[in-house]
Amino acid sequence: MKILITGLWICAVTIASCYGAVTFGGGIFSKKTEPYLEGLQYQKLAPINIPMIADGRVQGYVIAVLVFTADAKLMHTLPVPPNAFVVDEAFRQIYADPALDFRRLAKYDITKRLAEVRAKVNERLGGDVVKDVLVDEINFVAKREVRS
């Protein structure tokens, strides 16, 4: 009989302690939400390989690594991250630019091109999300130098 009463006592204490922990310790186990830091957020993109076509053939590839800064508060409210938009617009701008010819090298206005990328991405996103687009790396690899 002592063992049965001791078992019931242990069960009652366990149930009471669980109830007390859930009722009075709610703040301990709740998920804490951290506020988003306001300001600019830095995003580095994966390398982009852009084929350069001239005379109906691939002459080589422009390999670019871009970075963009965006408003941190707006970044967290967007349904889609702007990374894909920046990559897509940079690819379109470089691929379709007739002034970019690696057979006849000349100075290239990269500042203007990056400003156009930023403007087009913000237009597509419907707000001033992307503040600046920067070049981390840019290289040209001729087709004869590409290993299969």
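Nothing here was measured: the structure is a model prediction, and the numbers come from that model.

Draft legend 1. View of the overall build of the protein. The secondary structure content of the protein amounts to five helices and four strands. Helices (α) and strands (β) of the protein occur, in sequence order from the N terminus, as α-α-β-β-β-α-α-α-β. Counting contacts in the protein only where the partners sit at least 6 residues apart, residues at least 24 apart contribute 70% of the total. Working note: accessible area of the protein is about 11000 Å², and carbon and sulfur atoms make up 61% of it.

Draft legend 2. Region of the structure containing the pairing of strand 2 (residues 48-54). Most of strand 2 sits inside the fold, with five of its seven residues counted as buried. Counted between consecutive antiparallel strands, the loop separating strand 2 from strand 3 (residues 57-71) contains two residues, among which D55 sits at a positive phi close to 55°.

Draft legend 3. Representation of empty space enclosed by the protein within the structure. With the rule as written, the count across this model stands at one cavity of 30 Å³ or more. What lines the largest cavity is A64, L66, A90, Q93, I94, I110, R113, L114, V117, V135 and I138. Broken down by secondary-structure element, the contributors of at least two residues to the lining of the largest cavity are strand 3, helix 4 (83-95), helix 5 (110-125) and strand 4 (130-142). Looking at the lining of the largest cavity, the element that brings in the most residues is helix 5, giving four residues.

Draft legend 4. Examining the packing of helix 4 against helix 5 more closely. Put simply, helix 4 and helix 5 touch, their axes get as near as 9 Å, and they point 135° apart. Here helix 4 lies oblique to helix 5, going by the angle between them. The handedness of the crossing between helix 4 and helix 5 is right-handed. Across the interface between the two elements, F85, V86, D88, E89, A90, R92 and Q93 of helix 4 pack against R113, E116, V117, K120, V121, R124 and L125 of helix 5. A per-class count over the contact of helix 4 with helix 5 returns six nonpolar, one polar and seven charged.

Draft legend 5. Region of the structure containing the packing of aromatic side chains. A full pass over the atoms with the stated rule returns one aromatic pair. Pairing F91 with Y95 gives two aromatic rings, centres 5.6 Å apart and planes at 15°, and the pair type is stacked. Remark: Y95 and F91 occur in helix 4; sequence separation between them is four residues, near one turn of the helix. Classification of F91 as partly exposed rests on a relative accessible area of 29%.

Draft legend 6. Local environment of a nonpolar patch on the surface. A cluster of nonpolar residues, M1, L4, I5 and L8, forms a patch on the protein surface that exposes about 490 Å² of accessible area. Mapping M1 onto the fold places it in the segment before helix 1 (2-24).

Reading the values: rules and limits
- Residues numbered from 1 in each chain as written.
- Predicted model: local features only at pLDDT ≥ 70, side-chain atom pairs only at ≥ 80, totals over all residues.
- Heavy atoms only, no water.
- Helix = DSSP H or I, 4+ residues; strand = E, 2+ residues; numbered from the N terminus.
- Contact = heavy atoms within 4.5 Å.
- Areas by Shrake-Rupley, 256 points an atom, 1.4 Å probe, with all protein chains shown as cover.
- Buried < 20%, exposed > 50% of the residue type's maximum accessible area, 1.4 Å probe, protein only.
- Pairing = 2+ DSSP bridges.
- 1 Å grid on protein atoms, 1.4 Å probe; cavity = no way out; pocket = protein on both sides within 12 Å on 5 of 7 lines; lining within 4 Å.
- Points joined across faces, edges and corners; volume = space filled by probe spheres on them.
- Axes fitted to C-alpha atoms, helices over the stretch in contact; angles between N-to-C directions.
- Parallel < 35°, antiparallel > 145°, perpendicular 65-115°, else oblique.
- Left-handed = near helix turned anticlockwise from the far one by under 90°.
- Nonpolar A, V, L, I, M, F, W, Y, C, P; charged D, E, K, R; others polar.
- Phe/Tyr/Trp six-rings, centres within 6.5 Å; stacked < 30°, edge-to-face > 60°.
- Patch = residues over 30% accessible without salt bridge, like charges linked within 9 Å, V, L, I, M, F, W, Y side chains within 5 Å.
- Salt bridge = Lys/Arg side-chain N within 4 Å of Asp/Glu carboxyl O.

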